[in-house]
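Results of the structural survey
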Amino acid sequence: MSFIDWLHDCGHAALELAALTSSGFLHAVLHVVVYGTPVILFLSLIWIAFALWARVKARRALRGSLDEDLHRAHAVGLTDGIFKLILRRTRFRQAILLLVAAAAMPTLYLTLEIPKHIVNHAIASATKVIQIDDIAFTQVQFLVVLCFLYLASLLANGSIKYWLNVYQGRVGELLIRLLRLMVYRGWRRNGRPGGQAQLIPIIVQEVEPVAGFAGEAFVTPVFQGGTFLTLLTFMLLQDPVLGGAALMMLPIQLAVIPPLQRRINELNRTRVREVRRLGGLLGERQPLPEAGLRQLRLLFSSIRHIQELRFSIFKKKFLMKSAINFLNNLVPFFFYLIGGYLVIEGKISFGALVAVLAAHKDFSAPLRELLMYYQVTEDVRVRYREMQRFVAGVAVQHPLGPDCEPALEVKATAAMSSIP
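Computed from a prediction, not measured in an experiment: that's the story for all the values here. (Residues numbered from 1 in each chain as written. Predicted model: local features only at pLDDT ≥ 70, side-chain atom pairs only at ≥ 80, totals over all residues. Heavy atoms only, no water.)

As for its placement among the helices and strands, Ala124 is situated in the loop between α3 (82–123) and β1 (129–132). Considered as a pair, Ala124 and Gly351 are 227 residues apart in the sequence and their alpha carbons are 8.9 Å apart. (Helix = DSSP H or I, 4+ residues; strand = E, 2+ residues; numbered from the N terminus.)

With that out of the way, let us pick up the environment of Glu208. The residue Glu208 is located in helix α5 (residues 195–211) in this model. You can call Glu208 partly exposed: its relative accessible area is 40%. Separated by 32 residues in the primary sequence, Glu208 and Ile176 place their C-alpha atoms 5.9 Å from one another. Ignoring any residue separated from it by four or fewer positions in sequence, one finds Glu208 in contact with Ile176 and Arg180. (Buried < 20%, exposed > 50% of the residue type's maximum accessible area, 1.4 Å probe, protein only. Contact = heavy atoms within 4.5 Å.)

With that settled, consider the confidence of the model for the chain. For the chain, mean pLDDT is 76; residues scoring 70 or higher make up 78% of the total. Confidence scores differ between elements of the chain, with helix α12 (residues 407–417) showing the lowest mean pLDDT of 33 and helix α4 (residues 139–189) the highest of 91. Scored below 50 in pLDDT, residues 15–21 makes zero contacts in the model with residues more than four places away or belonging to other chains. Note on residues 397–420: pLDDT under 50 across the span, and 48 contacts to partners over four residues away in sequence or across chains. (pLDDT = per-residue confidence, 0-100.)

On to the nonpolar core, then. Counting 41 residues, the largest nonpolar core has Leu78, Ile82, Leu179 and Val183 as its most contacted members. Broken down by element, the residue count for this core peaks at 10 residues, all from α4. Counting 37 residues, the second largest nonpolar core, distinct from the first, contains Phe234, Val241, Ala355 and Leu367. (Core = buried A, V, L, I, M, F, W, Y, C linked by side-chain atoms within 4.5 Å.)

The structure is reproduced here in structure tokens:
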């Protein structure tokens, strides 16, 4: 027997075995989805709650161990806590953002519900005349009405999202302008700590991610969380098993993605400190030739360190992106397997399966945004704290050597690295 014939016989045997055991296999998968997914998800949520509690305790311990006097930063408006600053400066605008985010949920649900009726009650209708209360439609008329309703819901939902994004940008830009003025005023009032070499990158670069966070500080968890719950509710209403299948990858994502993002944030903070150090080296004047050569070596070393940090960030980002894409693309496998079986058995309609597949296309996006929001929040907290310390004059960074940092900065970094 040739190798090709042997492969052919093996393929036939595998297909026959699958045909004999497919029903039992599908029932086993259904039991895992129905009973296993809620248990795993519940345990994952408990683990996340304990992890968050540990991080809060570690942050409080870090704040107490530094024992820094930041009253000079408070005097110019840089209050403790980025959320407190955002509420104080943009309270009314945050309320508008939350109202608009809440208004987007009904239109989102309509964009999911109408396609199911288009497939089940218009295209696959068993009668040529469709009666709704006292109004009668032909099959084509009902199809046209539903399609235009779907178009209207798409336009409404898209318009709300567009206005929400634009207004988020407006709120962020408002706080960026205010924060730049507060940092500059505090820097001048407190004796110009660090000089212009350190002030310029802070005002030009570091203020933007901190103050720009104002546009998403409160509305992002409400909007993305509402979107996630709306999509999940829709899928659970179509069929609880398909809704459970959509949640199968959620515990894995919660276990894999946050540690990767946390490592990326640590590398970003190290890069920010190195960029500040490079700014100090560029602004330093060295009249003696020997000192000039030493400064040149430190300059080249700092530039190379920044390059290595950026390359490490790229690798971690693409690893996280690949993991997210793989986990997201694995869920449709269960939809086709379980949903197809349920359609064949007559448990759900074909339109419901199509609607669930369309809903899952957007299901992973809000979850990914929520995970990113959590990590961005932690990064913004640290950046804002560093900005307060700079304005108060307790975080002035002087270019020491290629492997040296100020004692206070080392202490803060070591404390941050202890946070789980």
